[in-house]
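Spelled out from the first residue to the last, the chains are:
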Amino acid sequence: MALKHKTPMLEELEKGPWPSFVADIRRMAARKPMCEDLLGLLELSYEQKEGHWKHGGIVGVFGYGGGVIGRYCDRPDLFPNVAHFHTLRVNQPASKFYSTEQLRKICDMWEEKGSGLTNMHGSTGDMVLLGTTTDQLEPVFYHLTHELGMDLGGSGSNLRTPSCCIGKARCEWSCLDTQEITYDLTMTYQDELHRPMFPYKFKFKTSGCPNDCVAAIARADCSIIGTWRDKIRIDQEAVRAYAAGELVPNGGSHGTAKRALDIQKEVVDLCPTGCMEWDGKTLKIWDEDCTRCMHCINVMPRALRPGQDTGATILFGAKAPILEGAQLSSVVIPFMKMEPPYDEFKELIEKVWDWWMENGKNRERLGELIQRFGMKAFLEAIEVQPDPRMIKTPRYNPYIFYDPADVPGGWEHDPKAFRERHHA
Amino acid sequence: MSQEAKEKILEYMKTQKKSKLYFNDLCKAVPDLKMRQAKKIINELVEEGKIKYWSSGSTTMYMLPGEDDVAKEEDSMK
């Protein structure tokens with residue numbers, strides 16, 4: 001279809017064997033003038049090597065402080081159909097299960113009331129509806145909530161839409177009902193999700209096992225990661241079958257051919273804590289030294305399974321690198337049972353929020369506050385005792401510096417005398 | 001108490017140089033209140049149309065209506 005704007009640079013992005021977002025927008029441009037202007041604006045940005053979007057605004061739906069992100073084009077004279085091009089975040093179902101019927105209804109609504117363009121899904125996990133005008137925001141919200149049984153997700157200084165891995169719905173390793181936890185947190189914390197109160201964003205992400213398929217440890221202010229506290233279940237017959245080449249290693253992830261697995265080289269020697277032993281017939285695991293890396297289970301899924309006394313490790317403080325660089329979450333509760341109604345978890349999280357709200361600077365993520373105040377101050381505020389499982393290696397990352405008052409008997413320290421013995 | 005706190009917050013906003021304020025800034029107007037109490041009052045002010053949310057998408061701020069209304073923002077682009 002011939003567009004009203006020339007787009008030679010965008011056409012380059014349609015060449016080659018890969019799917020192209022330009023081709024997708026062009027397809028919609030046949031029906032939606034908004035998409036035609038969107039392509040024209042993008043071509044202008046490529047030509048001038050400058051963006052033409054104004055990000056943010058006061059647009060929203062009544063009573064909600066999140067879910068809508070105002071977006072305006074700064075050249076409405078050239079591209080009037082994208083003068084407003086607001087984004088809506090829609091709270092996705094846990095684990096992103098939809099029926100095709102529901103997806104069709106959403107797409108029909110969005111073609112009528114918006115640009116028809118979606119992003120499935122944004123990195124927070126929401127379904128993102130891209131591009132509509134201010135006058136359509138309330139009608140879209142009404143349609144979502146009354147006709148489709150869906151709600152807006154979190155944005156701004158709110159609790160963001162909780163997200164989770166596929167969990168027990170399809171994964172045999174899941175130690176948690178990730179969907180139940182996500183749904184419960186979403187419903188319990190509706191006010192935090194829709195009405196901002198935090199210094200900045202706050203994310204919950206739940207993974208069913210330490211493989212952490214939603215990357216909770218890298219992205220969530222509070223990461224809930226499934227684990228177990230008994231022993232890895234071993235089927236010795238199946239271990240020997242892997243060694244004899246009767247089964248496909250890695251569940252077929254690295255090739256579907258059967259081959260003899262070198263258990264010593266490919267499993268035992270790669271165990272990060274060296275807690276395994278293989279004598280050619282029997283695999284032994286010293287579970288007390290296992291750090292739940294999941295490698296052995298991933299390589300031999302027919303032979304090894306997580307234990308049955310399951311729960312979650314709770315970690316806090318991950319974030320992407322806007323300030324100070326990226327941070328991974330730190331273990332705060334090594335094991336929590338995580339059973340409905342999750343009162344123990346909720347009591348903990350509310351203490352965390354109170355401390356962050358009292359002490360956090362504007363736009364300071366929880367992980368940055370923990371870094372600024374120290375893990376010790378954080379643990380004191382949430383009334384959790386330091387635990388050796390919170391650190392990777394003693395002496396290399398000592399989060400906790402004890403005061404003489406904390407230790408029975410205390411101790412005397414003369415810094416001047418110390419410096420005389422230790423120059424520099 | 002709630003009405004008094006609302007008035008303090010609105011007065012505080014009127015005296016600030018910046019048109020957009022963070023939640024923490026608004027809490028300074030009512031230092032005796034816990035933040036969760038302050039949040040309820042601020043949200044009531046939003047529902048009454050006396051203050052408005054402004055969001056960049058990543059951060060939310062608050063402003064008095066009329067200082068930078070949707071209509072103004074959109075009119076300025078015509």
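Residues numbered from 1 in each chain as written. Chains lettered and ligands numbered in written order. Predicted model: local features only at pLDDT ≥ 70, side-chain atom pairs only at ≥ 80, totals over all residues. Heavy atoms only, no water.

Going by what an unreviewed UniProt entry lists, chain B is known as Dissimilatory sulfite reductase D (DsrD) and is assigned to Desulfacinum hydrothermale DSM 13146.

As annotated in an unreviewed UniProt entry, chain A carries the name Dissimilatory sulfite reductase alpha subunit and is attributed to Desulfacinum hydrothermale DSM 13146.

Moving on, we come to a negative patch on the surface. Together, Asp-343, Glu-344, Glu-347 and Glu-350 of chain A make up a region of like negative charge exposed at the surface. Relative to the helices and strands, Asp-343 of chain A resides in helix H12 (residues 343-359). (Patch = residues over 30% accessible without salt bridge, like charges linked within 9 Å, V, L, I, M, F, W, Y side chains within 5 Å. Areas by Shrake-Rupley, 256 points an atom, 1.4 Å probe, with all protein chains shown as cover. Salt bridge = Lys/Arg side-chain N within 4 Å of Asp/Glu carboxyl O. Lys, Arg positive; Asp, Glu negative; His and termini not counted. Charge placed at Lys NZ, Arg CZ, Asp CG, Glu CD. Helix = DSSP H or I, 4+ residues; strand = E, 2+ residues; numbered from the N terminus.)

Attention shifts here to helix H5 (residues 137-147) of chain A. Because each turn of an α-helix spans 3.6 residues, side chains separated by three or four positions in sequence point in the same direction. All names here are of chain A. Within the sequence span of H5, burial applies to Leu-137, Val-140, Phe-141, His-143 and Leu-144. Burial along H5 is one-sided: seen end-on, the buried residues are contained in an arc of 160 degrees. Turned more than 90 degrees away from the buried face of H5 sit His-146 and Glu-147, all of them exposed. Phi for Gly-149, located one or two positions after H5, is positive at around 65 degrees. (Buried < 20%, exposed > 50% of the residue type's maximum accessible area, 1.4 Å probe, protein only. Arc of directions from axis to C-beta.)

Residues and elements named next belong to chain B. At a minimum axis distance of 10 Å, the contact between helix H1 (residues 2-15) and helix H3 (residues 35-47) shows a crossing angle of 75 degrees. Accordingly, the angle class assigned to the pair H1 and H3 is roughly perpendicular. Along its contact with H1, which presents Ser-2, Ala-5, Lys-6, Ile-9 and Leu-10, the element H3 presents Ile-41, Ile-42, Glu-44 and Leu-45. Here the contact of H1 with H3 is built from residues that sort into six nonpolar, one polar and two charged. (Axes fitted to C-alpha atoms, helices over the stretch in contact; angles between N-to-C directions. Parallel < 35°, antiparallel > 145°, perpendicular 65-115°, else oblique. Contact = heavy atoms within 4.5 Å. Nonpolar A, V, L, I, M, F, W, Y, C, P; charged D, E, K, R; others polar.)

The next thing to look at is the UniProt feature "domain: Dissimilatory sulphite reductase D" (unreviewed entry) in chain B. The UniProt feature table records "domain: Dissimilatory sulphite reductase D" (unreviewed entry) at residues 5-66 of chain B. For residues 5-66 of chain B, helix accounts for 47% and strand for 13%, while the C-alpha atoms at its two ends are 22 Å apart. (UniProt positions renumbered as here; feature names shortened; annotations may be inferred.)

Attention shifts here to the UniProt feature "domain: Nitrite/sulphite reductase 4Fe-4S" (unreviewed entry) in chain A. Within this numbering scheme, the UniProt entry marks residues 155-384 of chain A as carrying the feature "domain: Nitrite/sulphite reductase 4Fe-4S" (unreviewed entry). Within residues 155-384 of chain A, the helical portion is 30% and the strand portion 16%, while the C-alpha atoms at the span's ends are 30 Å from each other.

Attention now moves to the packing of aromatic side chains. Residue and element names in this part refer to chain A. The final tally for this structure, using the stated rule, is 17 aromatic pairs over all chains. Here Phe-202 and Trp-356 contribute two aromatic rings whose centre-to-centre distance is 5.6 Å and whose plane-to-plane angle is 50 degrees, an arrangement assigned as tilted. Within this pair, whereas Phe-202 is found in the loop between helix H7 (190-194) and strand S8 (204-207), its partner Trp-356 is found in helix H12, the two being separated by 154 residues in sequence. Overall, Phe-202 belongs to the buried group, its relative accessible area being 0%. On the accessibility criterion, Trp-356 (0% relative accessible area) is buried. Both rings, one in Phe-316 and one in Phe-378, keep their centres 5.7 Å apart while their planes meet at 75 degrees; by these two values the pair is edge-to-face. Here Phe-378 lies in helix H14 (residues 375-381) and Phe-316 lies in strand S14 (residues 310-316), a separation of 62 residues in the sequence. (Phe/Tyr/Trp six-rings, centres within 6.5 Å; stacked < 30°, edge-to-face > 60°.)

Once that is clear, we can look at the sheet that holds strand S5 (residues 117-120) of chain A. Residues and elements named next belong to chain A. What the four strands build is an open sheet, ordered S2-S4-S6-S5; its pairing is antiparallel. One side of each edge strand has no neighbouring strand; the edge strands of this open sheet are strand S2 (68-69) and S5. Bridge analysis of S5 against strand S6 (residues 127-130) gives four bridges, and the strand direction is antiparallel. Note on S6: the bridge partner recorded for Met-120 is Met-127. (Pairing = 2+ DSSP bridges.)

Residues and elements named next belong to chain A. A sheet is described by the order of its strands in space; here five strands give the open sequence S7-S8-S9-S14-S15, paired in mixed fashion. Either end of the sheet is taken by a strand with one partner, and the two such strands are strand S7 (163-164) and strand S15 (330-336). The pairing of S14 with S15 spans four bridges and is classified as antiparallel. In the sheet register, Leu-315 faces S15, and the bridge partner there is Val-331. Taken strand by strand, H12 contacts S8, strand S9 (222-228), S14 and S15, and its axis lies near 0 degrees from that of S14.

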